[in-house]
Amino acid sequence: MGTIRMDRRLFLKTAGATAGAVAATQVGCFKYFKKGRSTAADTKEIPTTCELCPNKCSAIAVVEGGFIRKLNPNPENPKSRDMLCARGNAAVMQVYDPDRIKQPMIRVGARGEGKWKPVSWDEAFDYTAKKLAEIKEKYGPEGTLWASTEGFQEKFFMNLGQAFGSPNIVRHPTLCLASVNLAYGTTFGTVPSFDMLNSKYVIMSGANRFESIITPDTMDLIGSVMERKAKLVYLDPRFTVTAAKADEWYPIKPGSDLAFILAMLNVIIAEKRYHKDFVDTYTLGFDQLAEHVKQYTPEWAEKETEIPAKDIIRIAREFADAGTRALYYSGRRSSWYQNDFQMRRAQAILNTIVGNWDQMGGMVPNASLPKGEFLFMPWDDPKASRVDEVKTNFPLAAASDGAYLKLRENVLSGKPYPVKGWMVYKQDPMNALPDQSKTMKMIEQMDFIGVIDLQMSDMAWYADVVLPESAYLERTDPVEVMPGIWPAVVYRQQVVKPIHDTKPNLEIVQGIAKRLGLSDYFDYTIDQWVEAEFKDLPIPMAAEHMKKHGVWAATGEAHYGKTLTPDHRFVTKSGKIEIYSERLQENGYDPLPVYTQIAQPPADRFRLILGRVGYFTHANQSNNVWLHEFMPENDLWINPVPAARLGIKHGDFVNVSSSVGTARIKARVTEEIRPDCVFMLHGFGKKSKMQSLVYNVGASDAVILETAWDKVSGNAAFHETFVKVSNA
Ligand SMILES: Nc1nc2c(c(=O)[nH]1)N[C@H]1C(S)=C(S)[C@@H](COP(=O)(O)OP(=O)(O)OC[C@H]3O[C@@H](n4cnc5c(=O)[nH]c(N)nc54)[C@H](O)[C@@H]3O)O[C@H]1N2
Ligand SMILES: Nc1nc2c(c(=O)[nH]1)N[C@H]1C(S)=C(S)[C@@H](COP(=O)(O)OP(=O)(O)OC[C@H]3O[C@@H](n4cnc5c(=O)[nH]c(N)nc54)[C@H](O)[C@@H]3O)O[C@H]1N2
Ligand code: SF4
Ligand SMILES: [Mo]
């Protein structure tokens, strides 16, 4: 089954277009294609950069008669490795989506009633600025919240929040990768890349790379694992596509990966299979580690993980024998459990003791490339401190990103001060945060909500004003450096003119800024910004090159071992790789990863776990007509044993309920999941009627997920919710 799914799901360099031809006729989008039919003479190929997920692959748009006919991968980008995934192909339908927001709109009915007045941009800007100014007058600039997710134009939005004077910029990392970044950062002083292409032995906790696409890791894993140059050991309570392709798959007991890693450390140290020279030269605290892991035997770990001790011992030996070419892959979405930080720290330590740091086939510190900067007028620092009190709650976390779930608690309690305005860019907090009813309460207590999006997300549906951004294929964005083992600079240029009355984010920001008297801070055009960035690229005729190629990467081999000189100072307190962390200890955390068993579901409940498929990004591509065809509705994975006990048959509707909500969804009875868990995909059960394909279809997990976070990083802990399942 995994193989069949794999064929359909992944790397559909052409399948996106094929699927699209069918879907487009079905939903009446065909007019865009017919209207645009033209002769080959006016066919243009314009390089750009995909914005459908965080990877930013390089693409080449084929434009005929002013219409985008298709997107091709751009082979010049070493990060995307000549690949455009199904979503990347379907970006065409982001432009021609009949459900797109086609002009600015102001709410006229009650929030969520769906009554909108189309307005001019002047009216939308006047209204937004008036509301923000009223809040500033009453509560100070800190009474506003600026929430956004990564994207090349995100910086302009954050800059507006800062120029306005708000300390409350909150970004997506504490819903995503904050704990893994903090764990590797604490250990090495930086977050490395993983040289999967050259690795000989890869272990993955979750990190479903054959579906949750991260470039270049996904393609490199195909190169190494599928061609059997590397062995892949995969731990996941579900049988994912990655499990299907792995050499060994263990349906690990959820939340016990730390026990598995600690037992591997135990074996490798007890059998003296670690890299002694590396440990002696570059690390701090190995002796304390050796003492600490004595208690974590494979036999003990077998009880925690349900992975046989003999396999843990064998895997530990094989891993250590692969030496500097062995990798315990970090994963990206580390918003799993309340002890996530320590699980990721243990991975980092395991990688350290086999000496894979800065080695071919190991963890490699990222290389970067220089680029110029546009110098704009700076603003004063905000006077108030953050509403989420990051510095006191999570002293080691990246304060500039905020801590979203703690922030929501504080906004709801009105302490330390009231927040009454919420600006949102490229984010759907209604679906990205757990416990939708809490997010609804937060919405209800806001005096004003403004959303900048392309489509009527659930968040936009509850907003007061909706400011439609042009799709990435309709705009020019800032130049970005993609650090990595093979770093690249990428450029996104306008492929077609906006087909509706939309604007790029910079112009939306400028429209609001002007009315707030903040124009001086945004006194530039996107072309001036981009020209300044081109300036320091170390290539002749940089602007011409980037416009023609869309990407520039240094040629030649990767350079390993740059940090492997005994006098190299790592950016840690001691200047060494910190196996034992005094910094953690000083801040009241365990200096070495200590195992504590996470809460387990009672017999009548299941743990709800999350993940992705290859053809949707988060909650936001399920309404894309080409992608929707792959999965028109989500379902609940449930193992046949508990399903039989509960009288649930494949295809039955079931109610899934937690302490915060209930969702109604179809059951998918499958052996591809452990009996103690259930799984559902994100992006369905939408409240927005302007997401016509997924409005009220399937269910949203955000309704049932409870609020919990990792103690060190503040990252959401999405896998701590227990649910009851019953026939609906
Ligand atoms: N197609 C696609 N690709 C994407 C994205 C997307 O939305 N769609 N999003 C991108 C982003 S922002 C991110 S953060 C990454 C996320 O990518 P990953 O870091 O790979 O994370 P997920 O796919 O969310 O979850 C990984 C797996 O963890 C498993 N799991 C759950 N609990 C446990 C446990 O206790 N132990 C173990 N070992 N496994 C467990 C789940 O079943 C799931 O299959 O993907 C990126 N790539
Ligand atoms: N239940 C649940 N919650 C999760 C996760 C999960 O797996 N399940 N995953 C977590 C993770 S890892 C992450 S990274 C976050 C992601 O959470 P979000 O950032 O909210 O994710 P998206 O759904 O990708 O995007 C939100 C909005 O951006 C809009 N958008 C897309 N492109 C553009 C653009 O060019 N301009 C503008 N203005 N808007 C655009 C989309 O239409 C969509 O409405 O969610 C986290 N929360
Ligand atoms: S992985 Fe797919 S969606 Fe993400 S940037 Fe690359 S092509 Fe676009
Ligand atoms: Mo993420």
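Residues numbered from 1 in each chain as written. Chains lettered and ligands numbered in written order. Predicted model: local features only at pLDDT ≥ 70, side-chain atom pairs only at ≥ 80, totals over all residues. Heavy atoms only, no water.

### Regarding the site of ligand 3
Within the structure, ligand 3 sits among Cys-50, Leu-52, Cys-53, Asn-55, Lys-56, Cys-57, Leu-84, Cys-85, Arg-87, Gly-88 and Ile-213. Among the detected pockets, ligand 3 sits in the second largest cavity. Its residues placed into classes, the shell around ligand 3 shows seven nonpolar, two polar and two charged. (Near = heavy atom within 4 Å. 1 Å grid on protein atoms, 1.4 Å probe; cavity = no way out; pocket = protein on both sides within 12 Å on 5 of 7 lines; lining within 4 Å. Sits in = over half its atoms within 2 Å of the grid points. Nonpolar A, V, L, I, M, F, W, Y, C, P; charged D, E, K, R; others polar.)

### Brief notes about the environment of Thr-352
Following the sequence through the fold, Thr-352 ends up in helix H16 (residues 340-353). Relative accessible area serves as the criterion here: at 0%, Thr-352 is assigned to the buried category. Put simply, Thr-352 and Phe-188 are 164 residues apart on the chain and 9.3 Å apart in space, counted from C-alpha to C-alpha. Once residues lying within four places of it in the same chain are set aside, the contact partners of Thr-352 are Thr-187, Phe-188, Phe-278, Thr-283, Ile-577 and Ile-579. In this structure the side chain of Thr-352 is engaged in a polar contact, spanning 2.7 Å, whose partner is the backbone oxygen of Ala-348. (Helix = DSSP H or I, 4+ residues; strand = E, 2+ residues; numbered from the N terminus. Buried < 20%, exposed > 50% of the residue type's maximum accessible area, 1.4 Å probe, protein only. Contact = heavy atoms within 4.5 Å. Polar contact = N/O pair within 3.5 Å; in protein donor to acceptor, adjacent residues only side chain to side chain.)

### Structural notes on the packing of helix H14 (residues 298-305) against helix H15 (residues 309-322)
Running from N to C, H14 and H15 point in directions that differ by 115°, and their axes come no closer than 8 Å. Crossing handedness for the pair H14 and H15: right-handed. Residues Pro-298, Glu-299, Ala-301, Glu-302 and Thr-305 of H14 form the contact with H15, whose own contacting residues are Ala-309, Ile-312 and Ile-313. When its residues are assigned to classes, the contact of H14 with H15 shows five nonpolar, one polar and two charged. (Axes fitted to C-alpha atoms, helices over the stretch in contact; angles between N-to-C directions. Left-handed = near helix turned anticlockwise from the far one by under 90°.)

### Observations concerning the site of ligand 1
Surveying the vicinity of ligand 1 reveals 35 residues, the closest of which are Ser-212, Arg-238, Asp-257, Arg-333 and Phe-616. Here Arg-612 contributes a side-chain N or O atom positioned 3.1 Å from a nitrogen atom of ligand 1. Alone, ligand 1 offers 910 Å² of accessible surface; in the complex the protein occludes 99% of this. Split by domain, the shell around ligand 1 shows at least three residues from each of two domains, domain 2 (193-364) and domain 3 (606-727). (Areas by Shrake-Rupley, 256 points an atom, 1.4 Å probe, with all protein chains shown as cover. Domains from an automatic or database assignment.)

### Comments concerning the pairing of strand E27 (residues 722-727)
Within a regular beta strand, the side chains point alternately toward one face of the sheet and then the other, so they alternate between its two faces. In the sheet, strand E22 (residues 606-609) pairs with E27 via two bridges, with the strands oriented antiparallel. Bridge assignment links Phe-606 to a residue of E27, and that residue is Val-723. Relative to E27, strand E24 (residues 653-657) runs antiparallel, the two sharing four bridges. Bridging from a neighbouring strand, Val-654 pairs with Asn-727 of E27. (Pairing = 2+ DSSP bridges.)

### As for the confidence of the model for the protein chain
Looking at the protein chain as a whole, the pLDDT averages 93, with 94% of positions reaching at least 70. The low-confidence segment residues 1-38 (pLDDT under 50) makes 75 contacts with residues lying over four places distant or belonging to another chain. (pLDDT = per-residue confidence, 0-100.)

### Description of the pattern of salt bridges
If you walk through the whole model with that rule in mind, you get 45 salt bridges. Among the ionic pairs, Glu-113 bridges to Lys-115, the shortest N-O distance being 3.0 Å. Lys-115 sits in the partly exposed class, given a relative accessible area of 46%. Residue Lys-547 is joined to Glu-531 by a salt bridge in which the shortest nitrogen-to-oxygen separation is 3.5 Å. Remark: Glu-531 occurs in helix H23 (residues 526-535) and Lys-547 occurs in helix H24 (residues 542-549); sequence separation between them is 16 residues. (Salt bridge = Lys/Arg side-chain N within 4 Å of Asp/Glu carboxyl O.)

### Examining empty space enclosed by the protein
Inspection of every chain in the model, using the stated rule, returns five cavities of 30 Å³ or more. Space inside the second largest cavity adds up to approximately 80 Å³. As for the second largest cavity, its lining consists of Cys-50, Leu-52, Cys-53, Asn-55, Lys-56, Cys-57, Met-83, Leu-84, Cys-85, Arg-87, Gly-88 and Ile-213. Along the lines of polarity and charge, the residues of the lining of the second largest cavity split into eight nonpolar, two polar and two charged. (Points joined across faces, edges and corners; volume = space filled by probe spheres on them.)

### Some points on the nonpolar core
Among the nonpolar cores identified, the biggest contains 92 residues, and Phe-260, Met-264, Leu-289, Phe-319 and Ile-353 are the most heavily contacted of them. The greatest single-element share of this core, amounting to eleven residues, is contributed by helix H11 (residues 257-270). The two domains that each donate at least three residues to this core are domain 2 (193-364) and domain 3 (606-727). When near neighbours in sequence (up to four residues on either side) are disregarded, Met-264 contacts Ile-203, Ile-312, Ile-315, Ala-316, Phe-319, Tyr-328 and Leu-350. Membership of the second largest hydrophobic core comes to 52 residues, among which are Leu-145, Trp-422, Val-451 and Ile-665. (Core = buried A, V, L, I, M, F, W, Y, C linked by side-chain atoms within 4.5 Å.)

### Focus: the pairing of E24
Covered by surrounding structure in E24 are Val-654 and Val-656 only, the residues Phe-653, Asn-655 and Ser-657 on the alternate face being uncovered. Note that E24 and strand E25 (residues 662-669) share five bridges and pair antiparallel. Within E25, the position partnered with Phe-653 by the bridge is Lys-666. Between E24 and E25, which follow one another and run antiparallel, lie four residues.

### A word on the domain arrangement of the protein chain
Along its sequence, the protein chain is carved into domain 1 (105-175 + 389-469 + 504-524), domain 2 (193-364) and domain 3 (606-727). Taken together, both faces of the contact between domain 1 and domain 3 bury some 2200 Å²; the carbon and sulfur share is 56%. The interface formed by domain 1 and domain 3 holds 15 residue pairs in polar contact (both at pLDDT 80 or more) in total. Within the residue set of the side of domain 1 that touches domain 3, elements represented by two or more residues are helix H18 (404-413), helix H19 (429-432), helix H20 (436-444) and helix H21 (458-461). Looking at the side of domain 1 that touches domain 3 element by element, the count peaks at four residues for H18. (Buried area = accessible area lost by both parts, 1.4 Å probe.)

### Quick word on the sheet that holds strand E13 (residues 326-329)
On the basis of which strands lie adjacent, the open sheet formed by four strands has the order E11-E10-E9-E13 and parallel pairing. Both edges of this open sheet fall to strand E11 (248-250) and E13, since each of them pairs with a single strand only. Strand-to-strand twist across the sheet, computed as the mean angle between neighbouring axes with direction ignored, equals 10°. Where strand E10 (residues 231-235) lies against E11, three bridges are found, and the strand directions are parallel. Paired with Val-233 across the bridge in E11 is Glu-248. Where H15 meets the sheet, its contacts fall on strand E9 (201-205), E10, E11 and E13, and the angle it forms with E9 comes to roughly 130°.

### Concerning the environment of Tyr-462
Along the chain, Tyr-462 turns up in the loop between H21 and strand E17 (465-468). Separated by 18 residues in sequence, Tyr-462 and Glu-444 place their C-alpha atoms 9.1 Å apart.

### Some words on the packing of aromatic side chains
Scanning the entire structure with this criterion turns up 33 aromatic pairs. When the centroid spacing of 6.2 Å and the interplanar angle of 80° are considered together, the rings of Tyr-201 and Phe-319 count as edge-to-face. Residue Tyr-201 is found in strand E9, and its partner Phe-319 is found in helix H15; the two are separated by 118 residues along the sequence. The pair formed by Tyr-201 and Phe-319 is uniform in burial state, with each residue classed as buried. Here Tyr-615 and Phe-630 contribute two aromatic rings whose centre-to-centre distance is 4.8 Å and whose plane-to-plane angle is 20°, an arrangement assigned as stacked. Separated by 15 residues along the polypeptide, Tyr-615 in the loop between E22 and helix H26 (625-628) and Phe-630 in the loop between H26 and strand E23 (635-638) bring together distant segments of the chain. (Phe/Tyr/Trp six-rings, centres within 6.5 Å; stacked < 30°, edge-to-face > 60°.)

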